[in-house]
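Examination of the molecular architecture
If you want the building blocks of each chain, they are given just below.
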Amino acid sequence: MDNGNLEWLRSRLNFSLRRRVPLILQTEATECGLACIAMVGGWYGRYTDIISLRAEFGVSSRGATLGMLHNIATGNGLASRALSLELDELSKLRLPCILHWGFNHFVVLVRATSDRFVIHDPATGQRIISRKMLSQHFTGVALELWPDSGFVAEVRRKTLRISELMAGISGFRRALIKVFCFSLMTEFISLLLPVSTQVVMDHVIPAADHGLLELVCFALLGLILLQAALNLVRSWSVMITDTLTDIQWKDGLLRHLLRLPLPWFEKRKLGDVQSRFGSLDVLRDTLIHDITGTVIDSIMMAGALVLLILYGGMLSAVVVVFTLLYVILRLGTFARYRQLAEEQLIKSATASSHFTESLYGIATLRAQGLAGQRRRNWLTLTVDAANASVTKRRFDMLFNSISVLIKACDNVVILWLGISAIIGHQMTIGAFVAFTVFRELFTDRALSLTHMLLRLRMLSLHNERIADIALTTPEPDVPEKELFPPGKALSLKVHSLSFRYDSQSSPVFHGLNLSIAAGESVAVTGPSGCGKSTLMKVLCGLTAPEEGRVLVDGRDIHVAGVSNYRRAVACILQEDRLFAGSLRDNIAGFNDEVDEPWLESCARLSHIHDDIMALPMGYETLTGELGEGLSGGQRQRIFIARALYRRPGILFMDEATSHLDEENEALINQAINGLAITRIIIAHRPSTIASAERVINIAAH
């Protein structure tokens, strides 16, 4: 049998005493199906992380159907069969399999008995549920998966290398070396202290030598002062390194985050993105403290072990055995601990996102009478997060109790054997005291080294969370330059433009061709849901098309750089927001240098100047992301003023005047018509459509 067939056979045979379905949690709101396929594939030996699957088979924010999962499974070498079945027939399924859950979710059924079912939920983790709960959520549709003839057992993971993180931090390696040197000197002094104790007990006391006692005490005092000074310098170095690393990492990650494609944000919850920045703190602390600590602890443990053997002989074997027992126990429970930590992170982030969304939608909650229901939903999510925390803490409590028991047994055995050695004149009291100190030092360093190594392994969890941001391809970084002079109307042409939300869905529009002259005012119309807003985001450079070109004054915006292009245009989107600051800041885009005459002109063109001046603080009136104190029409006019302040060559307006009365809308349109601006308007209101020079019905294309 050749090697290829041998690998194929080995991937299908299970010689392991224990095999588990991996638990993979989803990152995006609609990628539960992807996570389920990754879990089933992992069971059969094809371990693929969610980042790699998403890059190859991305699912849009609209979700995935069973047919899409079939196509994705085929692409991963898995054959599939969709079934419609009753609850009693679940035991006949080939496990693990995918279940359709609550009409909007997918889970993996891992094990089924008569009254208990184990499922892996990509949103919440492993769950053991009753038959009653299963019947409430299972829709009766399942997808069986098994390896096809083209299945290949492999490991595919996209990870963020630590060296890549460290590369962007100036002075990081030098600071680590400095911290390491100070730590090494401090710990070397710790090894000398027990020796002085033995000298006092075995030589000073029997001989009543006061001179030697003074010499030892002064030497001890000098060593302690030197150790305190070294600790102070080391702590100062760590503080500086911590601060500089924190700022540089977060700035670099935020700079990368702000360049990610718009669909990336549309598929994620705000609280989850925020929690991923928290993972940077864990990475920083681990790299700065644990990397140097691991080396130091390794050296100290080796030194303490040598001294243990010199002072205790065979007695040191007892210490090593009990220490190894603890280390094996800790390593054996790590997989479960990592799973609990990941579930806690995900559930806490979900509760945080729900809280943030409630604040943003407070007016809607009040108007619709949904505040009570929203609070109960938040409480449910918070309880889930608390339960995950309690489970993790319960695990820690159990482990700590076992650790205390092991340590107590260790102490009793060492006391018994050590005192027996003293009685038998095989060891002096001073040597036993020094041995006890070195034993504590060896055990503490061994346990600390184990914890550090596990924390380094736990970095994979936080690494994956940060990698979701850092490894996502951003917009191309092109040199910043001025493509078009400000205040000049630009022409726009579209050639064979196509777009769809993901590789599995139908195109929103296909082969679209448009031509808009410089200075022209065009209204784009069509029924709701036909893709008008999506088209505008593509034309604005906020979303990349699947095929085709967008030319502005003959230049392809994706070749010239969409960031450069966006500086020459302005967009007013349906979901536009104000930011915390004054009205002046919001209109001027928070620029340090404000063109006051032009700012006031833009406000007058938008017919918001008089409203602003009627406020007690005028342009210095403070507002926030919710636009407190302003009506919907006032906010829209501020959005228009903010867009005009940029002196755009093209002004994109997506329902930008829907909250205005017809008189104000007509006055604003008349004012903007006098400017050298190309306007592309999406609207449903007849008066808005009538203000345009030409109407394009996207449904006809």
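Residues numbered from 1 in each chain as written. Predicted model: local features only at pLDDT ≥ 70, side-chain atom pairs only at ≥ 80, totals over all residues. Heavy atoms only, no water.

**Concerning the domain arrangement of the protein chain**
Here the protein chain is described as being made up of domain 1 (14-156), domain 2 (162-240), domain 3 (265-473) and domain 4 (492-697). Put simply, the middle of domain 2 and the middle of domain 4, counted by C-alpha atoms, are 65 Å apart. (Domains from an automatic or database assignment.)

**Here we look at the UniProt feature "transmembrane region" (unreviewed entry) in the protein chain**
Using the residue numbers shown here, the UniProt feature "transmembrane region" (unreviewed entry) corresponds to residues 175-193, 213-233 and 305-329. Helix makes up 100% of residues 175-193 and strand 0%, whereas the separation of the span's terminal C-alpha atoms amounts to 28 Å. (UniProt positions renumbered as here; feature names shortened; annotations may be inferred. Helix = DSSP H or I, 4+ residues; strand = E, 2+ residues; numbered from the N terminus.)

**Describing the nonpolar core**
The biggest cluster of nonpolar side chains holds 34 residues, and the ones touching the most others in it are Ile572, Ile587, Leu644 and Leu651. At 7 residues, the largest contribution of residues to this core is made by helix α22 (residues 632-645). If we skip the residues at most four places from it in the chain, isoleucine 587 touches Leu599, Ile612, Tyr619, Ile638, Ala641, Arg642 and Tyr645. (Core = buried A, V, L, I, M, F, W, Y, C linked by side-chain atoms within 4.5 Å. Buried < 20%, exposed > 50% of the residue type's maximum accessible area, 1.4 Å probe, protein only. Contact = heavy atoms within 4.5 Å.)

**Some remarks on the sheet that holds strand β9 (residues 492-499)**
With antiparallel pairing, the 4 strands of this open sheet are ordered in space as β10-β9-β12-β13. Each edge of the open sheet is held by one strand with a lone partner, namely β10 (509-516) and β13 (555-556). Strand direction decides the pairing type here: β9 and β10, joined by 5 bridges, are antiparallel. Considered in β10, the bridge of lysine 493 is made with serine 515. (Pairing = 2+ DSSP bridges.)

**Observations regarding the sheet that holds strand β19 (residues 694-697)**
Spatially, β14-β17-β18-β11-β19 is the arrangement adopted by the 5 strands of the open sheet, whose pairing is parallel. Bordering the open sheet on either side are β14 (569-572) and β19, each of which pairs with just one other strand. Geometrically, the sheet is characterised by an average inter-axis angle of 15 degrees between neighbouring strands, direction not taken into account. When β14 meets strand β17 (residues 650-654), the two strands line up parallel, connected through 4 bridges. The residue of β17 that forms the bridge with isoleucine 572 is methionine 653. Lying on the sheet, α22 is in contact with β14 and β17; it crosses β14 at an angle near 170 degrees. (Axes fitted to C-alpha atoms, helices over the stretch in contact; angles between N-to-C directions.)

**Side note on unusual backbone geometry**
Along the chain, leucine 95 connects to proline 96 via a cis peptide bond; the corresponding omega equals 0 degrees. The topology assignment puts proline 96 in the loop between β2 (78-84) and β3 (97-101). A positive phi angle, near 60 degrees, is found at phenylalanine 590, a position not held by glycine. Although it is not a glycine, arginine 647 sits at a positive phi angle of roughly 55 degrees. With respect to the secondary-structure elements, arginine 647 resides in the loop between α22 and β17.

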